[in-house]
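# Structural characterization, general
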Amino acid sequence: MENTTASAPSSRIGGFHKLGVAERIERVAAFAGLDEAERQHLADTGNLSAELADRLIENVVGTLNIPLGIATNMKIDGRDRLIPMATEESSVVAAVCNAARQSYDGGGFVTSMSGACMIAQIQLTGVPDAENARLQILERRADIQALCDECDPILLKIGGGFRDLEVRVLPTRGGVMVITQLIVDTRDAMGANAVNTMAEKIGPRIAEWTGGKTHLHILSNLADRRLARARCVWPLAAIGGEAVRDGILSAYHFADADPYRAATHNKGIMNGISAVVLATGNDTRAVEAGAHAWAARRGHYGSLTHWEATASGDLAGSIELPMAVGLVGGATKLHPTAKLALKVLGVQTAEELARTIAAVGLAQNFSALKALATTGIQRGHMALHAQNIAMMAGALGDEVQQLARVLVDKRLVRLDVAEAELQRLRAAQG
Ligand code: NAD
């Protein structure tokens, strides 16, 4: 019997991280049987140099280009802004443009922020007298503040640093734990590394003061001391009347009552939010984790937005969610496209960025709910989706548009239909 495992390539590649990008590509090519064109494709890193990519993450063999679109029509706190959005999903950018267009004459979006504080947690176990330990830690507030602020003189200099201390007694499956929470203003940084450093510094002291043992020292992505808020009133006349408004309200009521619907409703909101977070080199997972945890804070997973009718019958939407984004740290200051995106946005502070992103999330939700409550989501999606299918079928240049139109007209946006129609199109054109 043939021994297939003996000839199978091995994923155990010692020292892969020590290789240069070109050598790694060779190793991967040998593993996966990549041809010369495929190797060259990997080696072409576009407008992000291989050298920088190799510094941002480990084991780099290439970069992945994602389209960067600009959402127009946004007016936020009285100021017009162009919004860079990085996403692979069709209709996301268009949704923001449309929602913003319908809100523009009514004044656009009004935003605010609850603060710029991140939370770092320190887990303490092995204290039978947990309540006693809790107070012992709270009594050390001044020491804790000094230790935290020593960690980050830059933050202190620019007006950030330690703000508050919370200590919670937490019953768990593994016994009672005492959780210390450091509340730190991280100004224009997302703050993960800044607060993690502080938590690691304080941890051993807490163990010493209480006689317990500390384990985890890490920020919480439920950044509820850093809530970005946006609100907007869409005039009834701009959105198409009462039936549209009531359809949107009903769609929102459904989402807020049902987690199955809320997951998709909030996913749509994050289509907009994550696209700006990514475009600006911020951490999409951190923002997403915070958003979903916040959506479940009442013990029931619900909508990140709220929709109401105003006294005059217009449609009022609002959003409030954790928004841990920065202008320094992570890839924000290193990635050349992220730097450009920030320049296009014209934001000067992390707060301005966070507030802008909240407005984008609200705009996205407006468009999704309006489409769902009226024509259905597919009509808007189909035009771009049809172009994707046309390209998958092999359409080139002008053929893409022509074929996409045929597919939409036939209401058959399918690959098999696209292949057959492409042949017909080419035959007809000789
Ligand atoms: P960072 O630690 O590199 O930068 C923050 C530091 O920049 C501050 O400590 C401060 O000293 C300095 N700084 C300079 N100018 C500043 C200004 N104007 N405002 C504030 N600080 C200024 O970066 P970070 O933002 O702490 O870390 C962010 C990255 O950490 C994210 O991209 C994320 O991917 C990653 N991360 C996330 C998690 C998580 O979310 N769970 C965990 C670990 C790491």
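Here the residue index of a chain counts from 1 through its sequence in written order. At least 70 in pLDDT is required for a residue's local features to be given in this predicted model, at least 80 for side-chain atom pairs to be given and counted, and no such filter applies to totals for whole chains, interfaces and linings, which use all residues. Remark: hydrogens and water are excluded; side-chain values derive from all non-hydrogen atoms of the structure.

## Focus: the overall build of the protein
Working definition: helices are DSSP H or I runs of at least four residues, strands are E runs of at least two. Numbering for both runs from the N terminus. Helices and strands together make up the secondary structure of the protein, namely 18 helices and 10 strands. Overall, the protein is about 85 × 75 × 45 Å in size when its C-alpha atoms are taken along their principal axes. Each residue's exposure class comes from its accessible area (1.4 Å probe, protein chains only) as a fraction of the maximum for that residue type: buried when under 20%, exposed when over 50%, partly exposed otherwise. In the protein, which comprises 430 residues, the proportion classed as buried is 47%. Contacts were defined at the residue level, with two residues in contact if any of their heavy atoms lie within 4.5 Å. Within the protein, counting contacts between residues at least 6 apart in sequence, those at least 24 apart form 71% of the total. Note on areas: Shrake-Rupley with a 1.4 Å probe; residue coverage comes only from the protein chains shown. When the accessible surface of the protein is totalled, it reaches about 21,600 Å², and 54% of it is carbon and sulfur.

## Points about the site of the ligand
The full set close to the ligand counts 21 residues, and Asp152, Gly191, Asn193, Asn221 and Asp283 are the nearest of them. Residue Gly191 places a main-chain N or O atom 2.9 Å away from an oxygen atom belonging to the ligand. Counting of polar contacts relies on pairs of N or O atoms within 3.5 Å, with two restrictions inside protein: one atom must be capable of donating a hydrogen and the other of accepting it, and residues adjacent in sequence are counted only when both atoms are side-chain atoms. In the model, an oxygen atom of the ligand is placed 2.9 Å from a nitrogen or oxygen of the Asn221 side chain. When the ligand sits alone it has 860 Å² of accessible area, and the protein chains cover 72% of it. A molecule is said to occupy a pocket when more than half its atoms come within 2 Å of that pocket's grid points, and by this definition the ligand occupies the largest pocket. We call a residue near a molecule or strand when any one of its heavy atoms sits within 4 Å of it. Both cavities and pockets are sets of points on a 1 Å grid over the protein atoms alone; in a cavity a 1.4 Å probe fits but cannot get out, in a pocket the set is open with protein on both sides within 12 Å along at least five of seven lines, and lining residues sit with an atom within 4 Å of a point. By definition, a pocket or cavity contains a molecule when more than half of the molecule's atoms lie within 2 Å of the pocket's grid points.

## Considerations on unusual backbone geometry
Notably, Asn73 is not glycine yet its phi reads approximately 75°, a positive angle. Residue position: Asn73 is located in strand β1 (residues 68–76). Its relative accessible area of 28% is what places Asn73 among the partly exposed residues. The backbone phi angle of Ser91 is positive, close to 80°, even though this residue is not glycine. Within the fold, Ser91 resides in the loop between β2 (79–86) and α5 (92–104).

## Description of the environment of Asn132
Within the element layout of this structure, Asn132 appears in helix α6 (residues 130–139). The partly exposed category is assigned to Asn132, whose relative accessible area is 42%.

## What to know about the sheet that holds strand β4 (residues 117–125)
Pairing within the open sheet is antiparallel, and its 4 strands lie in the order β5-β6-β4-β7. Because the sheet does not close on itself, it has two edges, and the strands there are β5 (161–172) and β7 (213–220). Here the average twist between neighbouring strands, direction ignored, is 20°. All axes here are fitted lines through C-alpha atoms, helices being fitted over the stretch that makes contact, and every angle between N-to-C directions spans 0 to 180 degrees. Against the sheet, α6 engages β4, β5 and β6 (175–185), with an angle of about 175° to β5. The strands touched by helix α7 (residues 141–151) are β5 and β6; relative to β5, the strand with the most contacts, the crossing angle is about 120°. A pair of strands counts as paired when DSSP detects no fewer than two bridges linking them.

## Here we look at the pattern of salt bridges
Where charged atoms of side chains with opposite charge meet at close range, the side chains can pair. Here a salt bridge means any side-chain nitrogen of Lys or Arg lying within 4 Å of a carboxyl oxygen belonging to Asp or Glu. Scanning the model with the defined rule gives 22 salt bridges in all. The salt bridge partner of Arg39 is Glu26, with a shortest N-O separation of 2.5 Å. Remark: Glu26 occurs in helix α2 (residues 21–32) and Arg39 occurs in helix α3 (residues 36–43); sequence separation between them is 13 residues. Taking relative accessible area as the criterion, Glu26 reaches 40% and is therefore assigned partly exposed. Residue Arg414 is joined to Asp416 by a salt bridge in which the shortest nitrogen-to-oxygen separation is 2.9 Å. Accessibility expressed as a relative area gives 44% for Asp416, which makes it partly exposed.

## Some thoughts on the layout of surface pockets
Grid points are joined across faces, edges and corners, and a volume is the space filled by probe spheres set on the points. Of the voids in this model, the largest pocket is the one considered here, and its volume is about 1,300 Å³. Around the largest pocket, the lining comprises 40 residues; the ones closest to its centre are Leu56, Leu278, Gly281, Ala331 and His335. Elements represented by at least two residues in the lining of the largest pocket include exactly α4 (50–56), α9 (192–210), α12 (259–279), α13 (284–295) and α14 (336–345). Charged means Asp, Glu, Lys or Arg here, nonpolar means Ala, Val, Leu, Ile, Met, Phe, Trp, Tyr, Cys or Pro, and polar covers whatever is left, Gly included. Class assignment of the residues belonging to the lining of the largest pocket gives a composition of 21 nonpolar, 16 polar and 3 charged.

## Structural notes on the environment of Thr197
In this fold, Thr197 is placed in helix α9. Sequence-wise, Thr197 and His306 are 109 residues apart; in three dimensions their C-alpha atoms are separated by 37 Å.

## Overview of α13
The length a helix should cover is 1.5 Å for every residue beyond the first. Taking 1.5 Å per residue, 12 residues should reach 16 Å; α13 reaches 16 Å between its end C-alpha atoms and fits that length. Taken as a whole, α13 has its buried residues at Thr284, Ala286, Val287, Gly290, Ala291, Trp294 and Ala295. Buried residues in α13, looked at end-on, bunch into an arc of 170°, giving them a common side. The opening residue of α13 is Asp283, an N-cap whose side-chain oxygen sits 3.0 Å from the backbone nitrogen of Arg285. Note: the arc covers the axis-to-C-beta directions of the helix.

## What about the domain arrangement of the protein?
Interface size is often expressed as the accessible area that is lost when the parts come together. Residue ranges for the domains originate in an automatic or database domain assignment. Domains assigned within the protein are domain 1 (19–65), domain 2 (69–113 + 226–374), domain 3 (117–220) and domain 4 (379–428). Using only C-alpha atoms to locate each centre, domain 1 and domain 2 end up separated by 35 Å. Facing 4 residues of domain 1, the contacting portion of domain 2 comprises 5 residues. Across the domain 1/domain 2 interface, buried area totals approximately 360 Å², and carbon plus sulfur atoms make up 74% of it. For domain 1, the biggest contributors to the area lost against domain 2 are Asn47, Leu52 and Leu56; these three give 78% of the whole. Applying the counting criterion to the domain 1 and domain 2 interface returns 0 salt bridges. Applying the counting criterion to the domain 1 and domain 2 interface returns 0 residue pairs in polar contact (both at pLDDT 80 or more). Classifying every residue of the side of domain 1 that touches domain 2 gives 3 nonpolar, 1 polar and no charged. Take the accessible area each of two parts loses on contact, using a 1.4 Å probe, and add the two losses: that sum is the buried area.

## Describing the nonpolar core
The tendency in soluble globular proteins is for nonpolar side chains to be buried as a group. What we call a nonpolar core is a set of buried Ala, Val, Leu, Ile, Met, Phe, Trp, Tyr and Cys residues that are connected through their side-chain atoms within 4.5 Å. The biggest cluster of nonpolar side chains holds 59 residues, and the ones touching the most others in it are Met74, Met85, Trp234, Ile273, Trp307 and Leu321. Looking at this core element by element, the count peaks at 11 residues for helix α15 (residues 350–373). With residues near it in sequence (within four places) discarded, Ile273 still touches Val287, Ile319, Leu321, Met323, Ile357 and Gly361.

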